Amino acid sequence: MFGITSPDDLLLIESVAMVQQICTPVTVSFDDSAVADYFDDQIDEGHTPETCGRIWLHTHPGSSPLPSGTDEETFQRAFGTPDWAVMFIVARGGATYARLRMNVGPGCNKRLAVEIDYKTEFPETDQDLWESEYEAAVTVHDPFTRRPRTQASDPFEWRDDTGWSESEWVAS
């Protein structure tokens, strides 16, 4: 997802937007035309690239929010040219990781403290709306799943080729 921020505080995410992408349990590939359309729409709504295109948010299915090698490659490829960008990861269970990368001058990487304000409502707090957006934008190719993950009730649930879920394996 892209974090959409306040023009007065470029690290204050006020909304999020998801673009078409294809994912596996360990990779992500953004649809280039969907990203271009996203930026066109955001500019039409009065946003600047600084407020809608510098923060990349994504989730990890496990408990670790630390970036993987794939995360680092994606962050460099997709966010390596703006003067600054943030990678923000939320792991299953709520652990977070955020890092600001400055791509100007000598450059730098700085871990950021994360604070989530659960009192402030925004459109993406509508779980049904988020689920619909997720199902429309994310295609998951998972070798452990018999059905497309977009049809699962839990987006982190996996099933092996026997059709058993993780909880069923653990229970047996």
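Not measured: the values here are computed from a predicted model.

Undergrad: Can you help me understand the sheet that holds strand β7 (residues 96-102) in this one?
TA: What links the strands of a sheet is backbone hydrogen bonding, and the strands pair in either a parallel or an antiparallel sense. One open sheet accounts for six strands, arranged β2-β1-β5-β6-β7-β8; its pairing is mixed. One side of each edge strand has no neighbouring strand; the edge strands of this open sheet are β2 (9-17) and β8 (108-111). Within the sheet, the average angular offset between the axes of one strand and its neighbour, ignoring direction, is 30°. Relative to β2, strand β1 (residues 2-6) runs antiparallel, the two sharing five bridges. Following the sheet pairing, Gly 3 is matched in β2 by Val 16. Packed on one face of the sheet, helix α1 (residues 32-44) meets β1 and β2 and runs near 15° to β1. Packing against the sheet, helix α3 (residues 69-79) makes contact with β1, β5 (55-60), β6 (84-91) and β7, and its axis sits at approximately 150° to β6.

Undergrad: Is there a simple way to explain the nonpolar core in this structure?
TA: Nonpolar side chains tend to gather and get buried jointly when the protein is soluble and globular. Judged by nonpolar contacts, the single largest core of 23 residues is most densely connected at Val 19, Tyr 38, Trp 56 and Val 138. The set of elements that each furnish at least two residues to this core consists of β1, β4 (28-30), α1, α3, β6, α4 (127-137) and β9 (138-140). Listed in part, the eight residues of the second largest apolar core include Val 16, Val 86, Phe 88 and Ala 98.

Calculation notes
Residues numbered from 1 in each chain as written. Predicted model: local features only at pLDDT ≥ 70, side-chain atom pairs only at ≥ 80, totals over all residues. Heavy atoms only, no water. Pairing = 2+ DSSP bridges. Helix = DSSP H or I, 4+ residues; strand = E, 2+ residues; numbered from the N terminus. Axes fitted to C-alpha atoms, helices over the stretch in contact; angles between N-to-C directions. Contact = heavy atoms within 4.5 Å. Core = buried A, V, L, I, M, F, W, Y, C linked by side-chain atoms within 4.5 Å. Buried < 20%, exposed > 50% of the residue type's maximum accessible area, 1.4 Å probe, protein only.

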